[in-house]
Amino acid sequence: MNKGELVDAVAEKASVTKKQVDAVLTAALETIIEAVSSGDKVTLVGFGSFESRERKAREGRNPKTNEKMEIPATKVPAFSAGKLFREKVAPPKS
């Protein structure tokens, strides 16, 4: 599902216009990106959490030359699915 299909589905479920859904969805995604990039954690109960994580510096190899190289430390965005989301995707086995 792409953004357009998501907008269509939400507009139908919420009985609002596609233009309104697109504006709200765009604003929500921009706000999440801004918050995570500034170091905040965004938690949507039942859905999941967005946060930034530190990735340590490490040693790697150039696949062409097999030469050792240092990969610098960096920040990466991360998403952790919430319990309800995980259970909906993969129901617990009984």
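- The name given to the protein in an unreviewed UniProt entry is HU family DNA-binding protein, with Brasilonema sennae CENA114 as the source organism.
- The record in UniProt for the protein states the following under Sequence similarities (unreviewed entry): "Belongs to the bacterial histone-like protein family."

### A look at the sheet that holds strand β2 (residues 48-55)
1) Next: Reading across from one edge, β1-β2-β5 is the order of the three strands in this open sheet, with antiparallel pairing throughout. One side of each edge strand has no neighbouring strand; the edge strands of this open sheet are β1 (42-44) and β5 (74-81). This sheet shows a mean twist of 30 degrees between the axes of neighbouring strands, independent of strand direction.
2) Next: Two strands pair when backbone bridges link them, and β2 and β5 are joined in this way by eight bridges, in the antiparallel orientation.

### Digging into the pattern of salt bridges
1) Next: Throughout the structure, instances matching the rule amount to four salt bridges.
2) Next: Across the pair D22 and K3 runs a salt bridge whose closest N-O atoms are separated by 3.5 Å. Of the two residues, D22 is situated in helix α2 (residues 18-37) and K3 in helix α1 (residues 3-14); the sequence distance between them amounts to 19 residues.
3) Next: Residue D22 is classed as partly exposed on the basis of its relative accessible area, which comes to 33%.
4) Next: With a relative accessible area of 38%, K3 lands in the partly exposed category.
5) Next: Across the salt bridge formed by E51 and R53, the nearest N and O atoms sit 3.2 Å from each other.
6) Next: With a relative accessible area of 38%, R53 lands in the partly exposed category.

### Looking at unusual backbone geometry
1) Next: The backbone phi angle of S15 is positive, close to 55 degrees, even though this residue is not glycine.
2) Next: In this fold, S15 is placed in the loop between α1 and α2.
3) Next: Its identity is not glycine, yet N66 carries a phi of approximately 65 degrees, on the positive side.
4) Next: One can find N66 in the loop between β3 (58-61) and β4 (68-71).

### Some remarks on the layout of surface pockets
1) Next: In this structure, the largest pocket spans a volume of roughly 190 Å³.
2) Next: Lining the largest pocket are L25, A28, L29, I32, L44, F47 and F50.
3) Next: Broken down by element, the lining of the largest pocket gets its largest block of residues, four residues, from α2.
4) Next: Residues of the lining of the largest pocket, tallied by class, amount to seven nonpolar, no polar and no charged.

So, how was this worked out
Residues numbered from 1 in each chain as written. Predicted model: local features only at pLDDT ≥ 70, side-chain atom pairs only at ≥ 80, totals over all residues. Heavy atoms only, no water. UniProt positions renumbered as here; feature names shortened; annotations may be inferred. Pairing = 2+ DSSP bridges. Helix = DSSP H or I, 4+ residues; strand = E, 2+ residues; numbered from the N terminus. Axes fitted to C-alpha atoms, helices over the stretch in contact; angles between N-to-C directions. Salt bridge = Lys/Arg side-chain N within 4 Å of Asp/Glu carboxyl O. Buried < 20%, exposed > 50% of the residue type's maximum accessible area, 1.4 Å probe, protein only. 1 Å grid on protein atoms, 1.4 Å probe; cavity = no way out; pocket = protein on both sides within 12 Å on 5 of 7 lines; lining within 4 Å. Points joined across faces, edges and corners; volume = space filled by probe spheres on them. Nonpolar A, V, L, I, M, F, W, Y, C, P; charged D, E, K, R; others polar.

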